[in-house]
Amino acid sequence: QEQLVESGGGLVQAGGSLRLSCAVSGRTVSDYSMAWFRQAPGREGEFVSAIKWRSGSTDYADSVKGRFTIFRDNAKNTVYLQMNSLKSEDTGAYYCAARRGPLLVYNQQGNYPYWGQGTQVTVSS
């Protein structure tokens, strides 16, 4: 059974940066399709970014393009989300998600069977 453990959330001022980590226990992280989703209070969950199985190519929501970067470290079996130029609207609980093997659609929550516990990001304006 895969386990995903997120860390790195916190309180930051607008314009600041945070780096989220998602440590994966199980197979090598490149054997998974992985993504970050977030949920703000009173709003539905939202796709943030994905990194694709094997190739490592990436995808981003329009709202975070140019500010966020997803990458992985196979040696540490960890996926990261580097978040720069943070805005108040980035506030929310951030969740790491994983699925073994490839996906055709990376931005749908229902495609991922494995989830972390979430880490809170709060951006003050």
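Higher on the page you've got the structure.
Residues numbered from 1 in each chain as written. Predicted model: local features only at pLDDT ≥ 70, side-chain atom pairs only at ≥ 80, totals over all residues. Heavy atoms only, no water.

Caption draft 1: Spatial organisation of the nonpolar core. Of all hydrophobic cores here, the largest spans 35 residues; its most connected members are Met34, Trp36, Leu81, Met83 and Tyr94. Taken together, the elements giving at least two residues each to this core come down to strand E3 (18-25), strand E4 (32-39), strand E5 (46-51), strand E7 (68-73), strand E8 (78-83), strand E9 (92-100) and strand E11 (119-124). A total of five residues in this core trace back to one element, the largest contributor, which is E4. Among residues more than four places away in sequence, those in contact with tyrosine 94 are Glu6, Leu20, Trp36, Phe37, Arg38, Val48, Phe68, Leu81, Met83, Gly118, Thr119 and Val121. (Core = buried A, V, L, I, M, F, W, Y, C linked by side-chain atoms within 4.5 Å. Buried < 20%, exposed > 50% of the residue type's maximum accessible area, 1.4 Å probe, protein only. Helix = DSSP H or I, 4+ residues; strand = E, 2+ residues; numbered from the N terminus. Contact = heavy atoms within 4.5 Å.)

Caption draft 2: Looking closely at the packing of aromatic side chains. The final tally for this structure, using the stated rule, is five aromatic pairs. With a centroid separation of 5.7 Å and 70° between ring planes, the pair formed by phenylalanine 37 and tyrosine 112 is classed as edge-to-face. With a gap of 75 residues between them, phenylalanine 37 in strand E4 and tyrosine 112 in the loop between E9 and strand E10 (114-115) connect regions that are remote in the sequence. Note on accessibility: phenylalanine 37 and tyrosine 112 belong to one class, buried. Centre to centre, the rings of phenylalanine 71 and tyrosine 80 are 5.0 Å apart; their planes meet at 20°, and the pair counts as stacked. Among the aromatic residues, ring-to-ring pairing joins Phe37, Phe47, Tyr112 and Trp115 into one connected group. For the cation-ring pair, arginine 19 lies above tyrosine 80, with the distance from its terminal atom to the ring centre recorded as 5.9 Å. (Phe/Tyr/Trp six-rings, centres within 6.5 Å; stacked < 30°, edge-to-face > 60°. Lys NZ or Arg CZ within 6 Å of the ring centre and 35° of its normal.)

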